[in-house]
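Residue-level listing of the chains:
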Amino acid sequence: MANWHDIGLWGHSAAAALTMLVAAWLVRRWAGLRDTRPSLGDAALLLALLATSLWAFAAASMGGNHAIAGLGETMRNLAWLAFLFQMVRSARAQPRTVTAVYMVLVVVLVAQPLVDVWHVANRGVPQLDELGYSAAMLLRMIFVVGALVLANNLYSVADAETRASLRLPLTALAAMWLYDLNLYTVGYLGRALPADLVALRGVMMILAVPFFALAANRPGGWKLTLSRKVAYRSLSLFAILGYLVTMIAVAQMLRAMGSTVASGAQVLLVLGMSLAALILLPSDRFRAWFKVKATKHFFQHRYDYRAEWIRFTETIGRPGDGTAPFHERVIKAAADISDSPAGLLLAPTEGGRLQLQARFNWPTADVPAQACTAGTIGYFQATGRIVELDALRSGKDTLTDRRAIPDWVVAESNAWAIVPLVHFDRLAGLVVLSRPLIERQLDWEDLDLLRLVGRQLASYLAEARSQEALREADQFDEFNRRMAFVMHDIKNLVSQLSLVARNAERHADNPEFRADMIATLQNSVGKMNTLIRRLTGYARSTGDGIRAIDAERIVRAVIADKAQSHKLVASSAPRMTLMADPVQLEQVLGHLIQNAIDASEPDSPVYVSLSRDGLNGVIEIVDHGAGMSAEFVRAKLFKPFISSKADGFGIGAYEARLLVEAMHGRIEVESREGEGSRFTVHLPLATRLDNDQGGPEAPRLAAKVI
């Protein structure tokens, strides 16, 4: 015992002397600085060295287990905690969560002397004595673990230059607190502090002092940059620590009560808290709630803009195998900002309307073919306003023009916000965000960041459309080159037939010539049929011009032509006179009906109907065939040179839309894979009936099966 006492005496005495020498050297170095004032970091380091020296002196003179030595240890730890806190305050952005963690540890340090006094006062009562000792050890272990976490986080977030200078003092602090952690853990488990470990604390401190001396040699302060990721990690670690401490403290209290009931309650407590942790921690809703609360109460700003911008560029700018399509990534990039789990992208068509372009994790949203009102595009182009739909539904939003918001968006209860994507005063699209897992309102930071992201996404969409237009132009150039080869083949056929015609007058009576002529004609007809099949759908008919026409007559003519190969069902309707080009309308209907026939089974009829819709006449072609995917309809159906048929050229639907738009109409498509498709042609009604198209006695399209 005397040997350990001597080791403790001389070890702590030497540690006290060395730390005092380092403190004196630091003061003398300050006196030699004329143009530079000492930094707050240097002042905090000096205070910590003096506190350490006083603790070591108290431990050497009164013993490591004395109450005065315990008070000196508390002051030492408080001084080193102030040193770490000064390092954090030098950061350019100090999260409030870091300050809160330091304040918690200060409370723990303040509680230590109070618990020590209470323990000394109740040493005569066995149960209270044991409880006081356990509480004192637990408080010291809590502080040491928290201080080690802060030291580790401080080192991990420092920049490269500062990290090199922090390595020495943080290493010494880590060694000092790790030794204390082992000491108090052994003391807690053994119900008494071992004399050998208490005595060797002075020796350990002698080894740590040179590191503090080298750290003090750095002039000036330390500038740090803290990240939110580290702040969240600190808060998570302390939450886990608090959870464990709560379990231990309550379990200790129940054990101190004694009795069988208390023992059972202790088991139920451990099982209940463990079960609660297993349920809450994996929950997406709990993590979202935790993030919202931490951001609200511990940070000066909601967003870490650097991290958000990195995430945005990674989401939108990383195509390749395994990544979502481009338009889905556009939605995700906006949804990630507000933690929305799903979204929709509405894009303007060439006809000046909005249609569904893509979905992200939102298959249940019922989006009509025309996804906007007459004033939607103009309103968002003029204002660029982000609309919070909950405020609009409740009547709190009095600034938004309600007529510009589609009814289906307001009726969709899961729709939360509309973010316009405006590029150079033109609307490139609208992103409809779904409701976040944790309810909250959009604040000014949300609006600013979403508005900025919306403009950036609009530029990406505009660039994608420009590239798509360039690809189409290249494809038309390729088509023109192919047409040159076709024209060359036609020229050869014409030359061959011309030669046959010239020789027929002179050699018509020759049997061998007639046989050769027949073979030549058959060969030419075969080649012509091949060319016709290749050119079907490519030639744009000039037509007769737009005029008032009888829609029934055109539909009846197309049905009569197509009924020879497939069963068609036509529905009667009020007589309609449309403003259209009869030749072009017949070409459009012929293509759409033929597509429906090709997609249907032989025994599955195709339905054709006429109706009115306001100032427009409507022609519908419905089949129950293979159908098309939403992605194909959105991205490929009306694109040239893309076809779902093995022998198709992909120009028919593209041309049909151009022809209808040239007649001031539009085509809408609804399709589902395995269920069929509905093509709807909208054309303007004529103001008067053209007498050339038949009078009131013109026959109507009867409901019949052809």
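The shown structure was predicted, so the numbers you read here are calculated from the model rather than taken from an experiment.

Caption draft 1: Examining the overall build of the protein more closely. Scanning the protein from N- to C-terminus turns up 21 helices and 13 strands. For the protein, buried positions account for 43% of its 706 residues. By sequence separation, contacts in the protein at least 24 residues apart represent 72% of the contacts at least 6 residues apart. Looking at the protein as shown, the accessible area adds up to about 37,000 Å², and 60% of this sits on carbon and sulfur atoms.

Caption draft 2: The arrangement of the nonpolar core in detail. Membership of the largest hydrophobic core comes to 59 residues, with the highest contact counts inside it found for W80, F143, L173, W177 and M205. Put simply, the parts of the chain that give this core at least two residues each are α1 (2–31), α2 (40–62), α3 (67–89), α4 (96–121), α5 (126–157), α6 (160–190) and α7 (195–216). In terms of residues, this core owes the most to one element, α5, which gives 14 residues. Among all residues touching F143, those that are not within four sequence positions of it are N77, L81, L105, V108, L109, Q112 and W177. Within the second largest apolar cluster, 40 residues are counted, among which are I549, V660, V681 and L683.

Caption draft 3: Representation of the environment of D42 within the structure. When you line up the elements, D42 lands in helix α2. Counting along the chain gives 15 residues from D42 to V27, while the straight-line C-alpha distance between them is 9.7 Å.

Caption draft 4: A look at the sheet that holds strand β5 (residues 426–434). Within the open sheet, the five strands sit side by side as β2-β1-β5-β4-β3. Their pairing is antiparallel. Strand pairing shows two members of the sheet lacking a second neighbour, β2 (354–360) and β3 (387–388), which therefore form its edges. Looking at chain direction, strand β1 (residues 343–348) and β2 are connected through six bridges and run antiparallel. Within β2, the residue paired with A347 across the bridge is Q355. Sheet strands in contact with helix α12 (residues 326–338) are β1, β2, β4 (415–423) and β5, and its direction is about 70° off that of β2. Here helix α13 (residues 376–383) sits on the sheet and contacts β1, β2, β3, β4 and β5; the angle it forms with β5, its principal contact strand, is near 95°.

Caption draft 5: Representation of the pattern of salt bridges in the model. One pass over the structure, following the stated rule, counts 14 salt bridges. It is possible to trace a salt-bridge network through shared partners that takes in E73, R76, D180 and R201.

Caption draft 6: Molecular detail of a nonpolar patch on the surface. Taken together, W118, V125, L128 and L131 make up a surface patch of nonpolar side chains, about 300 Å² in accessible area. Mapped onto the elements, L128 comes out in helix α5. Residue classification places L128 among the partly exposed positions, given a relative accessible area of 30%.

Caption draft 7: How the structure looks around the confidence of the model for the protein. Overall, the predicted model of the protein reaches an average pLDDT of 77, with 73% of residues at or above 70. In this model residues 688–700 is a low-confidence stretch, pLDDT under 50, and it forms 25 contacts with partners more than four residues away in sequence or in other chains. Counted against residues more than four places away or in other chains, residues 702–706, with its pLDDT under 50, gives 16 contacts.

Caption draft 8: Local environment of the packing of helix α18 (residues 551–562) against helix α19 (residues 582–599). Interaxial distance between α18 and α19 falls to 9 Å at its minimum, and their mutual angle equals 40°. Looking at the two axes, α18 sits oblique to α19. Between α18 and α19 lies a crossing whose hand is right-handed. Residue-level inspection shows I554, V555, V558 and K562 of α18 in contact with α19, the latter providing P582, L585, E586, L589, G590, I593, Q594 and I597. Class assignment for the residues of the contact of α18 with α19 results in eight nonpolar, two polar and two charged.

Caption draft 9: Spotlight on unusual backbone geometry. Residue D425 is not a glycine yet carries a positive backbone phi of 65°. Inspection of the secondary structure puts D425 in the loop between β4 and β5. Note on D425: relative accessible area 63%, which makes it exposed. Even without glycine at this site, H664 takes up a positive phi of about 65°. Note on placement: H664 falls in the loop between α21 (652–662) and β11 (666–672).

Caption draft 10: Spotlight on the packing of aromatic side chains. Evaluated as defined, the whole model comprises five aromatic pairs. Ring geometry for F143 against W177: centres 5.9 Å apart, planes inclined by 85°, an arrangement best described as edge-to-face. Of this pair, F143 sits in helix α5 while W177 sits in helix α6, and the two are 34 residues apart along the sequence. The two residues F143 and W177 agree in class, both being buried. Sitting over the face of the ring of W55, R76 holds its NZ or CZ atom 4.6 Å from the ring centroid.

Caption draft 11: Representation of the pairing of β1. Buried residues dominate β1, accounting for five of its six residues. In this structure, the hairpin formed by β1 and β2 is closed by a connection of five residues, where G352 is found at a positive phi of approximately 80°. Bridge count between β1 and β5: four bridges; the pairing is antiparallel. Of the residues in β5, the one forming a bridge with L346 is L430.

Caption draft 12: The arrangement of α13 in detail. Those residues of α13 that fall on the buried side of the exposure criterion are T376, I377, Y379 and F380. Down the axis of α13, the sector holding all buried residues measures 165°, keeping them to one side. Among the structural elements, β1, β2, β3, β4 and β5 are those in contact with the buried residues of α13. A positive backbone phi angle near 60° is found at G384, which sits one or two residues after α13.

Caption draft 13: Spotlight on the side chain of Q112. Checked against the element boundaries, Q112 lands in helix α4. Overall, Q112 belongs to the buried group, its relative accessible area being 2%.

Caption draft 14: Representation of the side chain of H682. Note on placement: H682 falls in strand β12 (residues 676–684). On the basis of relative accessibility, which here comes to 5%, the residue H682 falls in the buried class.

Caption draft 15: Quick peek at α19. Given a rise of 1.5 Å per residue, 18 residues ought to cover 26 Å, and the 26 Å separating the end C-alpha atoms of α19 matches this to within 8%. Those residues of α19 that sit buried are P582, Q584, L585, V588, L589, G590, L592, I593, A596 and I597. Of the residues that open α19, the one with a side-chain oxygen 3.0 Å from the backbone nitrogen of V583 is D581.

Each value, and the rule that gives it
- Residues numbered from 1 in each chain as written.
- Predicted model: local features only at pLDDT ≥ 70, side-chain atom pairs only at ≥ 80, totals over all residues.
- Heavy atoms only, no water.
- Helix = DSSP H or I, 4+ residues; strand = E, 2+ residues; numbered from the N terminus.
- Buried < 20%, exposed > 50% of the residue type's maximum accessible area, 1.4 Å probe, protein only.
- Contact = heavy atoms within 4.5 Å.
- Areas by Shrake-Rupley, 256 points an atom, 1.4 Å probe, with all protein chains shown as cover.
- Core = buried A, V, L, I, M, F, W, Y, C linked by side-chain atoms within 4.5 Å.
- Pairing = 2+ DSSP bridges.
- Axes fitted to C-alpha atoms, helices over the stretch in contact; angles between N-to-C directions.
- Salt bridge = Lys/Arg side-chain N within 4 Å of Asp/Glu carboxyl O.
- Patch = residues over 30% accessible without salt bridge, like charges linked within 9 Å, V, L, I, M, F, W, Y side chains within 5 Å.
- pLDDT = per-residue confidence, 0-100.
- Parallel < 35°, antiparallel > 145°, perpendicular 65-115°, else oblique.
- Left-handed = near helix turned anticlockwise from the far one by under 90°.
- Nonpolar A, V, L, I, M, F, W, Y, C, P; charged D, E, K, R; others polar.
- Phe/Tyr/Trp six-rings, centres within 6.5 Å; stacked < 30°, edge-to-face > 60°.
- Lys NZ or Arg CZ within 6 Å of the ring centre and 35° of its normal.
- Arc of directions from axis to C-beta.
- Expected span 1.5 Å × (residues − 1).
- Polar contact = N/O pair within 3.5 Å; in protein donor to acceptor, adjacent residues only side chain to side chain.

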